[in-house]
Amino acid sequence: MQLPSQTANVAFLPLAQQLRWLRTYALVTYPFACVPFLYLFFVENGLDAGQYGEILTAYYVAMFVAEVPTGILADRFGPKRMLVIGPMILAAGFAAMVSSPNYQGFLIGEILLGLGHAVLSGPPTAVLYETLARHDQQHRYLAEESRIHARRLYGTGAAFLLGGLLVYFGNADGTAYTVAILTTCVLHLVATLCACRLPAQPTTKHHGKPTDFLAHARMELQKPAVRWLLLYWLVLFTLLRFPFHNYQPYLKAAGETEPLLANAIVIGGVFAGLSLLAAPLSSRVPQLVTRFGRRILFWGMPLVVAASLMVMGFERHLASVGDGSRLWCWIGVSMFCVQQVPFAMHWPLLHEFVNHRIGSRARTTVLSVMSLGARATYALVNVLLFHLQAQSGLRTALMTAGIGGAAAAILVMWLRPRGLLRDRNSANHSTGYSSGKSPENSSAGD
């Protein structure tokens with residue numbers, strides 16, 4: 001892809017200015033104004049819970065297929081190009097849903113969304129880390145990644161609120177879902193324009209075959225710490241994604257008891273509030289690490305999500321036996337907020353873990369491989385849980401995910417290499433390892 005010529009000199013900008021462009025891009029990377037209403041749009045066009053699970057699985061299968069190839073392309077041609085085309089692919093996915101509002105159109109749309117997210121899964125982290133590395137500032141990675149992730153959440157939250165306003169005021173019924181989807185397409189194109197101003201990254205000309213990149217990634221994945229993190233990521237990612245995709249079905253069901261939860265502005269406000277809650281938490285990850293240490297945070301993230309799913313399942317159980325109430329509906333919705341705590345923390349914590357354990361040559365590819373494993377696992381779990389939900393109800397699916405996720409999290413944490421998450425001193429907590437090498441490396445035999 002030929003980028004605008006004025007971007008050629010971006011790499012020579014001062015570090016502070018490069019970081020500002022990265023933060024600006026983060027604000028518009030995921031402007032999903034329509035996401036709080038996609039399930040309602042699907043239902044309006046004839047989909048049931050099982051079919052909803054199927055098209056979501058197509059999204060994750062597309063990511064599974066595209067993860068490694070897009071990671072290799074980013075390593076070979078530079079991650080910036082991926083940041084330019086990624087939002088364009090996402091816009092095409094949403095456009096496909098509007099142009100063909102049926103099962104086939106939704107399936108194609110979700111496949112394109114999966115491809116777009118695969119393109120964007122590793123390059124933002126690689127661009128940030130390499131930008132800092134060129135200025136010998138790797139020790140700032142955790143703090144900068146936390147700030148940038150917070151910007152992503154602020155941008156997404158604002159888009160959610162905008163979507164609620166567009167849906168509510170877009171027609172007389174307060175169901176203008178198409179308007180929100182088209183707006184999302186436009187905002188993705190704005191992200192593409194911003195990407196053209198991101199720091200230009202030097203590309204490494206690898207003369208080997210694509211299998212050489214995979215071989216290098218496999219070598220990195222032989223490290224015990226990285227292998228363990230992959231298992232941990234599979235569990236945490238599954239626990240985080242299932243409730244996210246169920247927020248819309250949950251609100252629709254709870255709206256039968258609490259009418260406010262069926263209002264588009266309230267729905268958009270709930271989704272916006274979740275992102276706005278997660279954003280400051282994400283920016284404070286270094287402080288949380290300093291106060292609690294990595295071991296407590298790694299234990300807490302999956303177990304908190306699992307417990308919240310059980311509470312939501314219990315609320316749906318009460319509703320199903322006639323003991324539900326508006327108060328219990330809001331308690332269930334409050335679990336969305338609880339889930340935002342680990343959601344806000346997991347990205348900078350896990351990527352910090354990875355970036356201090358692999359070489360720069362294969363960093364994007366390894367991140368893509370790890371993402372691939374998580375998407376593949378969730379693709380299978382997702383279709384099983386949503387078909388279970390279609391057959392046995394929301395309460396059964398939520399309780400199954402909560403109990404199963406807690407058991408899996410305990411097992412994975414028990415299997416971690418001894419001393420892996422032990423912090424040696426508070427200075428390393430806040431700086432993200434001043435030497436550029438994590439203290440766990442030596443204790444884990446990495």
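Reading guide: rules and limits
Residues numbered from 1 in each chain as written. Predicted model: local features only at pLDDT ≥ 70, side-chain atom pairs only at ≥ 80, totals over all residues. Heavy atoms only, no water. Axes fitted to C-alpha atoms, helices over the stretch in contact; angles between N-to-C directions. Helix = DSSP H or I, 4+ residues; strand = E, 2+ residues; numbered from the N terminus. Parallel < 35°, antiparallel > 145°, perpendicular 65-115°, else oblique. Left-handed = near helix turned anticlockwise from the far one by under 90°. Contact = heavy atoms within 4.5 Å. Nonpolar A, V, L, I, M, F, W, Y, C, P; charged D, E, K, R; others polar. Patch = residues over 30% accessible without salt bridge, like charges linked within 9 Å, V, L, I, M, F, W, Y side chains within 5 Å. Areas by Shrake-Rupley, 256 points an atom, 1.4 Å probe, with all protein chains shown as cover. Salt bridge = Lys/Arg side-chain N within 4 Å of Asp/Glu carboxyl O. Buried < 20%, exposed > 50% of the residue type's maximum accessible area, 1.4 Å probe, protein only. Expected span 1.5 Å × (residues − 1). Bend = angle between axes of the 7 residues up to and from the residue. Phe/Tyr/Trp six-rings, centres within 6.5 Å; stacked < 30°, edge-to-face > 60°. Core = buried A, V, L, I, M, F, W, Y, C linked by side-chain atoms within 4.5 Å. Polar contact = N/O pair within 3.5 Å; in protein donor to acceptor, adjacent residues only side chain to side chain. pLDDT = per-residue confidence, 0-100.

1. Looking at the packing of helix H1 (residues 15–29) against helix H8 (residues 177–195)
Then step 1. Running from N to C, H1 and H8 point in directions that differ by 165 degrees, and their axes come no closer than 9 Å. With respect to each other, H1 and H8 are oriented roughly antiparallel. Crossing geometry of H1 relative to H8 is assigned as left-handed. Across the interface between the two elements, Trp21, Thr24, Tyr25, Val28 and Thr29 from H1 touch Leu187, His188, Ala191, Cys194 and Ala195 from H8.
Then step 2. Class assignment of the residues belonging to the contact of H1 with H8 gives a composition of seven nonpolar, three polar and no charged.

2. Things to note about the packing of helix H4 (residues 79–99) against helix H6 (residues 123–134)
Pairs of packed helices are described in terms of their axes, by the angle between the two and the distance that separates them.
Then step 1. As a packed pair, H4 and H6 sit with axes 9 Å apart at the nearest point and diverge in direction by 140 degrees. In terms of their interaxial angle, H4 and H6 are classed as oblique. Where H4 crosses over H6, the handedness of that crossing is left-handed. For the pair H4 and H6, the contacting residues are Pro79, Lys80, Met82 and Leu83 in the first and Pro123, Pro124 and Val127 in the second.
Then step 2. In terms of residue class, the contact of H4 with H6 is built from six nonpolar, no polar and one charged.

3. What to know about a nonpolar patch on the surface
Then step 1. A contiguous nonpolar patch, built from Leu161, Leu165, Tyr168 and Phe169 and spanning about 390 Å² of accessible area, is present on the exposed surface.
Then step 2. If you trace the backbone, Leu165 turns up in helix H7 (residues 141–169).

4. A short note on the pattern of salt bridges
Oppositely charged side chains are able to pair whenever their charged atoms sit close together.
Then step 1. According to the stated counting rule, one finds six salt bridges in the structure shown.
Then step 2. For Glu258, the salt bridge identified is with Arg326, shortest N-O distance 2.9 Å. In this pair, Glu258 sits in the loop between helix H10 (224–254) and helix H11 (264–283) while Arg326 sits in helix H14 (residues 326–355), placing the two residues 68 residues apart along the sequence.
Then step 3. According to the relative accessible area criterion, Arg326 is partly exposed, its value standing at 48%.
Then step 4. A single network of salt bridges, built from pairs that share partners, joins Arg23, Arg140, Glu144 and Arg147.

5. Observations regarding H4
Then step 1. The first and last C-alpha atoms of H4 sit 31 Å apart over 21 residues, in line with the 30 Å expected at 1.5 Å per residue.
Then step 2. For H4, the principal kink sits at Ile85 and spans about 25 degrees; a proline, Pro87, occurs within the next four residues.

6. Remarks on unusual backbone geometry
Then step 1. Of note in this structure, Asp136 is not a glycine but carries a positive phi near 55 degrees.
Then step 2. Residue position: Asp136 is located in the loop between H6 and H7.
Then step 3. A relative accessible area of 57% means that Asp136 is categorised as exposed.

7. Considering the packing of aromatic side chains
Then step 1. For the structure on display, the rule yields 25 aromatic pairs.
Then step 2. Geometrically, the ring pair formed by Phe41 and Phe42 is tilted, given 6.4 Å between the ring centres and 50 degrees between the ring planes. For the pair formed by Phe41 and Phe42, the shared burial category is buried.
Then step 3. Seen in terms of ring centroids, Phe244 and Tyr247 are 6.0 Å apart; in terms of plane orientation they differ by 70 degrees. Their pairing is edge-to-face. You can see Phe244 and its partner Tyr247 sitting in helix H10, three residues apart, about one turn around the helix.
Then step 4. The exposure class of Phe244 is partly exposed, given its relative accessible area of 24%.
Then step 5. On the basis of relative accessibility, which here comes to 2%, the residue Tyr247 falls in the buried class.
Then step 6. One aromatic cluster in this structure is built from Tyr39, Phe41, Phe42, Tyr52, Phe106, Phe242 and Phe386.

8. With respect to the nonpolar core
Then step 1. The biggest cluster of nonpolar side chains holds 116 residues, and the ones touching the most others in it are Phe42, Phe94, Trp228, Leu229, Tyr232, Phe298 and Phe336.
Then step 2. Counting residues per element, this core draws most heavily on H10, at 18 residues.
Then step 3. Those residues in contact with Phe298 that lie beyond four places of it in its chain are Trp228, Leu229, Tyr232, Leu349, Leu350, Phe353, Met413 and Leu421.
Then step 4. Counting five residues, the second largest nonpolar core, distinct from the first, contains Ala150, Ala278, Ala279 and Ala344.

9. Comments concerning the side chain of His346
Then step 1. By the element assignment, His346 lies in helix H14.
Then step 2. For His346, the side chain forms a polar contact with the main-chain oxygen of Phe343, separated by 2.8 Å.
Then step 3. Not counting residues within four places of it along the chain, the set of residues in contact with His346 comprises Leu236, Leu240 and Met301.

10. Overview of the confidence of the model for the protein chain
Then step 1. Of all residues in the protein chain, 85% attain a pLDDT of 70 or more, and the chain-wide mean is 83.
Then step 2. Looking at the elements of the protein chain, mean pLDDT is at its lowest for helix H18 (residues 440–443), recorded as 32, and at its highest for helix H16 (residues 394–414), recorded as 96.
Then step 3. For residues 204–208, every residue scores under 50 in pLDDT, and the model assigns this stretch seven contacts once sequence neighbours within four places are set aside.
Then step 4. Predicted confidence for residues 424–446 stays below pLDDT 50, and this span has 53 contacts to residues more than four positions away or in other chains.

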